[in-house]
Amino acid sequence: MKVIHVSAECYPAAKAGGLGDVAGALPKYLNKIGTDASVVMPKYQTKWIHAQHWTVVHQGHIQLGQENVYFNIQKQTYREKADLGFPLYVVDIPGKYDREGVYMDAYTGYGYKDETERAICFQLAVLYWMGTWAEKPDVVHCHDHHTGLIPFLMKYGFHFRDMGLSHIPTVFTIHNGEYQGAFRWNKMHLLPPFEMMAGGLLEWNGVISPLACAVKCAWKVTTVSQGYLEELQYHSGSLTWLLNNERHKSVGILNGIDTAVWNPATDHLIEKQLARSVDTFKKANKAAILKRYNLDPNRPLFTFIGRLVGEKGAQLLPEVISNFLNAGGNGSFAVLGTGDPHLHEVFAQMKHHYSGRFDAKLEYNEGLAHQLYAGSDFLMMPSKVEPCGLNQMYALRYGTIPVVRAIGGLKDTIQDIGFEDGTGIRFDHFSVHDCFNAIRRAAMLYDNQDFFKTVRNRGMQVDFSWDRSAQEYQNLYKELV
Ligand code: GLC
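Here the structure is a predicted model, which means the values were calculated and not measured.

## Let's talk about the overall build of the protein
Helix and strand content of the protein: 17 helices and 17 strands. Over its C-alpha atoms the protein spans a radius of gyration of 23 Å, differing by no more than 12% from the 23 Å that the globule rule assigns to 481 residues. By principal-axis analysis of the C-alpha atoms, the protein measures approximately 65 × 50 × 45 Å. Evaluated residue by residue, the protein yields a buried proportion of 60% over its 481 residues. In the protein, of all internal contacts separated by at least 6 residues, the share reaching a separation of at least 24 is 71%. A total accessible area of about 19,500 Å² is found for the protein, and carbon and sulfur atoms account for 51% of it.

Right, here's the structure in full:
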């Protein structure tokens with residue numbers, strides 16, 4: 001069974017968040033169990049992509065409104081050291097994706113203004129290319145809104161129907177329903193000719209919504225946790241009705257983590273690998289962080305890793321941390337991430353104000369993230385929305401106890417320490433008050449070192465590997481073909 005994954009991100013080629021991790025791991029694990037899975041993504045100008053060898057496998061052009069856009073598809077040429085475990089294809093579209101950032105400019109911190117045009121070009125290039133395959137894929141698996149028009153165009157786009165794509169099953173996975181990739185109808189001329197009668201499928205709330213369109217047109221819809229699927233079906237605001245209506249073809253499949261990349265015993269991005277003693281492992285790695293971050297030793301270390309945006313709850317942190325430190329709480333705080341320019345300013349000020357107790361590195365840094373999982377005591381995830389969340393799983397594996405809001409995938413993966421099998425600390429309401437209390441409970445847990453270590457060890461034993469989830473995806477594909 002041949003499955004092609006279409007994604008805007010794929011680790012290690014380009015990653016902005018969890019989507020990259022999933023697209024870089026799931027295909028590998030699918031291949032292990034006999035599905036022939038590959039990935040196609042845009043050719044960004046990242047260091048990793050630059051360092052690979054590429055062979056052009058297809059060339060073509062797209063009519064984007066008045067613009068004639070040339071593209072070519074390139075395949076990563078096998079190299080022992082860069083073997084991903086699946087064939088990787090990139091779509092090279094000069095002028096559109098040959099930029100360093102995936103979604104935003106690293107220097108200005110602002111998104112690219114031609115998102116819609118870029119996404120349409122990428123999807124059309126993939127479709128034209130697939131249309132030329134002598135042996136078509138058995139399933140096309142699209143991820144998030146950047147690929148959301150594909151199921152529609154395969155069915156109703158004249159070109160693609162003629163190329164024999166209309167009967168191929170499609171799967172659409174929602175990693176993040178907060179972004180729909182919506183654009184106005186006045187950009188409809190950017191789309192290739194399609195059956196007019198089907199035009200209504202493009203629309204949601206008066207605009208063209210690639211995410212909603214994919215939910216309507218894909219043969220199967222998946223979300224990255226069962227909890228998140230239910231949230232989408234019952235209280236996701238404008239999408240509730242749609243997801244509820246399409247529930248017969250929707251399933252939640254919890255993501256796994258790539259246990260080869262995230263292995264504390266072999267991870268070369270951290271100061272000290274895990275050998276016999278967890279204590280030694282944590283101590284050495286914590287020391288490495290305290291050195292890199294300007295923080296007091298001998299206190300519980302709380303970390304936040306991720307995009308500094310509303311859905312991740314980053315805006316709660318300044319008040320929660322200030323309140324905690326002002327009240328004499330025992331702990332120091334390290335932040336790693338980029339996002340909201342206003343939060344960058346606030347964190348920069350806090351660094352001075354709470355020198356020794358709070359520090360932030362406002363950057364994207366994969367290596368440092370590994371180090372933080374290895375050396376922290378607690379990982380804070382006060383998410384407003386969390387479709388699955390991978391960070392809590394990385395944290396557990398590296399002996400860091402998650403402090404999470406009980407939502408989406410966080411609720412499905414972390415049980416509170418008040419229960420026998422608890423591996424973390426949970427809070428319910430998205431508020432400074434509740435998050436503050438959770439941090440306070442964490443500090444108390446730290447004071448009881450015996451219990452702290454019991455919880456930590458329990459978390460390190462949990463199996464979140466991809467094997468189970470990959471099997472669920474494979475079963476889903478089998479249902480379709
Ligand atoms: C998105 C979601 C995150 C999920 C990831 C991978 O980044 O916000 O919760 O884990 O996708 O599916």
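Anyway, onward from the coordinates.
## Overview of the site of the ligand
Taken together, Gly18, Leu19, Val22, His175, Val224, Asn255, Lys312, Glu386, Pro387, Cys388, Gly389 and Leu390 are the residues near the ligand. One of the side-chain nitrogen or oxygen atoms of Asn255 is found 2.8 Å away from an oxygen atom of the ligand. At a separation of 3.0 Å, an oxygen atom of the ligand approaches a polar backbone atom of Cys388. The protein chains hide 95% of the 310 Å² of surface that the ligand would expose on its own. Looking at the shell around the ligand residue by residue, the classes come out as six nonpolar, four polar and two charged. Split by domain, the shell around the ligand shows at least three residues from each of two domains, domain 1 (2-258 + 466-480) and domain 2 (278-460).

## Topic: the side chain of His58
The topology assignment puts His58 in strand E3 (residues 54-64). The class for His58 is buried, based on a relative accessible area of 16%. In this structure, His58 is in contact with Phe71, Asn72, Ile73, Tyr128, Trp129 and Thr132, ignoring residues within four places of it in sequence.

## Quick word on the state of the cysteines
If you walk through the whole model with that rule in mind, you get zero disulfides. As a non-bridged cysteine, Cys213 has Cys217 as the owner of its nearest cysteine sulfur, 4.1 Å distant.

## Some thoughts on helix H15 (residues 432-447)
End to end, H15 covers 23 Å across 16 residues, agreeing with the expected 22 Å (1.5 Å per residue, within 8%). Every buried residue belonging to H15 is among Val432, Asp434, Cys435, Phe436, Ala438, Ile439, Ala442, Ala443, Leu445 and Tyr446, and all of these are buried.

## Describing the domain arrangement of the protein
Where the parts come together, the accessible area they lose is often given as the size of the interface. If you check the domain split of the protein, you get domain 1 (2-258 + 466-480) and domain 2 (278-460). Averaged C-alpha coordinates put domain 1 and domain 2 at centres separated by 32 Å. Facing 22 residues of domain 1, the contacting portion of domain 2 comprises 18 residues. A buried area of about 1,700 Å², summed over both sides, lies between domain 1 and domain 2, and 61% of it is on carbon and sulfur atoms. Three residues, Lys15, Glu231 and Ile257, lead the burial of domain 1 against domain 2; their summed loss comes to 28% of the area buried on that side. Taken together, the links from domain 1 to domain 2 amount to one salt bridge. Lys15 serves as the salt-bridge partner of Glu366, at 3.2 Å between the closest nitrogen and oxygen.

Rules of the game
Residues numbered from 1 in each chain as written. Predicted model: local features only at pLDDT ≥ 70, side-chain atom pairs only at ≥ 80, totals over all residues. Heavy atoms only, no water. Helix = DSSP H or I, 4+ residues; strand = E, 2+ residues; numbered from the N terminus. Rg over C-alpha atoms; globule rule 2.2 N^0.38 Å. Buried < 20%, exposed > 50% of the residue type's maximum accessible area, 1.4 Å probe, protein only. Contact = heavy atoms within 4.5 Å. Areas by Shrake-Rupley, 256 points an atom, 1.4 Å probe, with all protein chains shown as cover. Near = heavy atom within 4 Å. Polar contact = N/O pair within 3.5 Å; in protein donor to acceptor, adjacent residues only side chain to side chain. Nonpolar A, V, L, I, M, F, W, Y, C, P; charged D, E, K, R; others polar. Domains from an automatic or database assignment. Disulfide = S-S within 2.5 Å. Expected span 1.5 Å × (residues − 1). Buried area = accessible area lost by both parts, 1.4 Å probe. Salt bridge = Lys/Arg side-chain N within 4 Å of Asp/Glu carboxyl O.

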